[in-house]
Amino acid sequence: IMVHLNALYVSPDASGTVYTGSHAAPTALGKVSVTDAVVPLLDIGYFLTDHWAVNVIAGVTHHSAHGSNVGDIGSVWLLPPTITLQYHFMPDNPMFQPYVGAGVNYTFFFDPHATPGLAKEHYKDNFGWALEAGFDVPIAQSGFYLNVDAKKLFLSTDVTAASGAVWAHDVRLDPWLTSVGRVRAAGGRPGAAVLGRTIGRGRRRGSFCPEARGRRPGGRPIGRSGAWWHASPSSLVAGPVPRPVPP
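What counts and what doesn't
- Residues numbered from 1 in each chain as written.
- Predicted model: local features only at pLDDT ≥ 70, side-chain atom pairs only at ≥ 80, totals over all residues.
- Heavy atoms only, no water.
- Salt bridge = Lys/Arg side-chain N within 4 Å of Asp/Glu carboxyl O.
- Helix = DSSP H or I, 4+ residues; strand = E, 2+ residues; numbered from the N terminus.
- Buried < 20%, exposed > 50% of the residue type's maximum accessible area, 1.4 Å probe, protein only.
- Core = buried A, V, L, I, M, F, W, Y, C linked by side-chain atoms within 4.5 Å.
- Contact = heavy atoms within 4.5 Å.
- Pairing = 2+ DSSP bridges.
- 1 Å grid on protein atoms, 1.4 Å probe; cavity = no way out; pocket = protein on both sides within 12 Å on 5 of 7 lines; lining within 4 Å.
- Points joined across faces, edges and corners; volume = space filled by probe spheres on them.
- pLDDT = per-residue confidence, 0-100.

Considerations on the pattern of salt bridges
- With the rule as written, the count across this model stands at four salt bridges.
- One salt bridge in this structure joins lysine 151 and glutamate 132, with 3.0 Å as the shortest N-O distance. Here lysine 151, found in strand 12 (residues 144-154), pairs with glutamate 132, found in strand 11 (residues 126-138); they are 19 residues apart in sequence, far enough to count as distant.
- Residue classification places lysine 151 among the buried positions, given a relative accessible area of 4%.

What follows is the structure, encoded as structure tokens:
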């Protein structure tokens, strides 16, 4: 399990038109724009295998909507829970672990506040699709990772205000969700013992891991460093141990 606590930047790529009057003969009031937001984000990833993981994000954002010819329309809070299936290309890499993903989103709009004169504002909840790409960077042997992630949501909504006298249908929001933060690997992520496995594979291939030039228990030294290493089944711990004395 990977537990992320990130700073999230939400940048809607909004498009749509605000109208007034009847739907049969509407009058355009201008193009829609939506403000950006920065909020804390909690997301949790669960590894099904070394390469495949399920990721869920949870956070709330606050945005204001504007019409190009009428100014402020109002503001609203969003709760956009999103679940994605991720593929991790190099889960054992001790330096850089990229991934991509795709999934589904459902956005709840709540607590709207209309500009005076546009009472009873309403935003329609809706499903959307999500694509993402990102990477994790292990921080030494601390069990923490630096995470950078970008998601693109494909999302639209309908907006009504002033008891339906002002409206905008199929407003595209399509936000970018960009986050950076620290990740804690809890419960033994597949591939978490990256260093130990890298040494074992490097020994078989005649290479070595630059973070751990030493030897596996019962094996011959790897590299030319004076550092020696010993390992447990779940971790690799550095420590000086006596060099074996030839018989």
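Re the nonpolar core
- With 18 residues, the main nonpolar core has Val18, Phe109, Tyr123, Val166 and Leu173 as its most contacted residues.
- For this core, the elements supplying multiple residues, two or more each, are strand 3 (27-34), strand 7 (71-79), strand 13 (156-161) and strand 14 (166-172).
- What phenylalanine 109 contacts, discounting residues up to four positions off in sequence, is Val76, Trp77, Leu78, Tyr123, Lys124, Asp125, Thr157 and Leu173.
- One finds Leu8, Val10, Leu41 and Ala130 within the second-largest nonpolar core, a separate group that totals eight residues.

Things to note about unusual backbone geometry
- The phi dihedral of aspartate 170 is positive, around 55 degrees, even though this residue is not glycine.
- Take aspartate 170: it is sitting in strand 14.
- Its identity is not glycine, yet aspartate 174 carries a phi of approximately 40 degrees, on the positive side.
- Tracing the sequence through the fold places aspartate 174 in the loop between strand 14 and strand 15 (176-185).

Section: the pairing of strand 2 (residues 17-20)
- As paired strands, strand 2 and strand 3 are joined by four bridges and run antiparallel to one another. When the bridges of strand 3 are listed, valine 18 appears paired with glycine 30.
- Here strand 2 folds back onto strand 3, and the loop between the two strands holds six residues, one of which, glycine 21, carries a positive phi near 90 degrees.
- Judged from the two bridges that link them, strand 2 and strand 14 form a sheet pairing that is antiparallel. Within the sheet, the bridge partner assigned to threonine 20 lies in strand 14 and is valine 166.

Some thoughts on empty space enclosed by the protein
- This structure, assessed with the given rule, holds three cavities of 30 Å³ or more.
- Computed from the structure, the largest cavity encloses a volume of approximately 330 Å³.
- The wall of the largest cavity is formed by 37 residues, among which Val34, Val76, Leu78, Phe109 and Leu173 lie closest to the centre.
- Elements with a minimum of two residues in the lining of the largest cavity: strand 1 (2-11), strand 3, strand 5 (52-58), strand 6 (61-67), strand 7, strand 9 (97-114), strand 13 and strand 14.
- With five residues, the top contributor of residues to the lining of the largest cavity is strand 7.

Description of the confidence of the model for the protein chain
- Counting all residues, the mean pLDDT for the protein chain is 78, and 75% of those residues have values of 70 or more.
- For the protein chain, strand 16 (residues 229-231) is the element with the lowest average pLDDT, namely 37, and strand 8 (residues 82-88) is the one with the highest, namely 97.
- In this model residues 191-239 is a low-confidence stretch, pLDDT under 50, and it forms 76 contacts with partners more than four residues away in sequence or in other chains.

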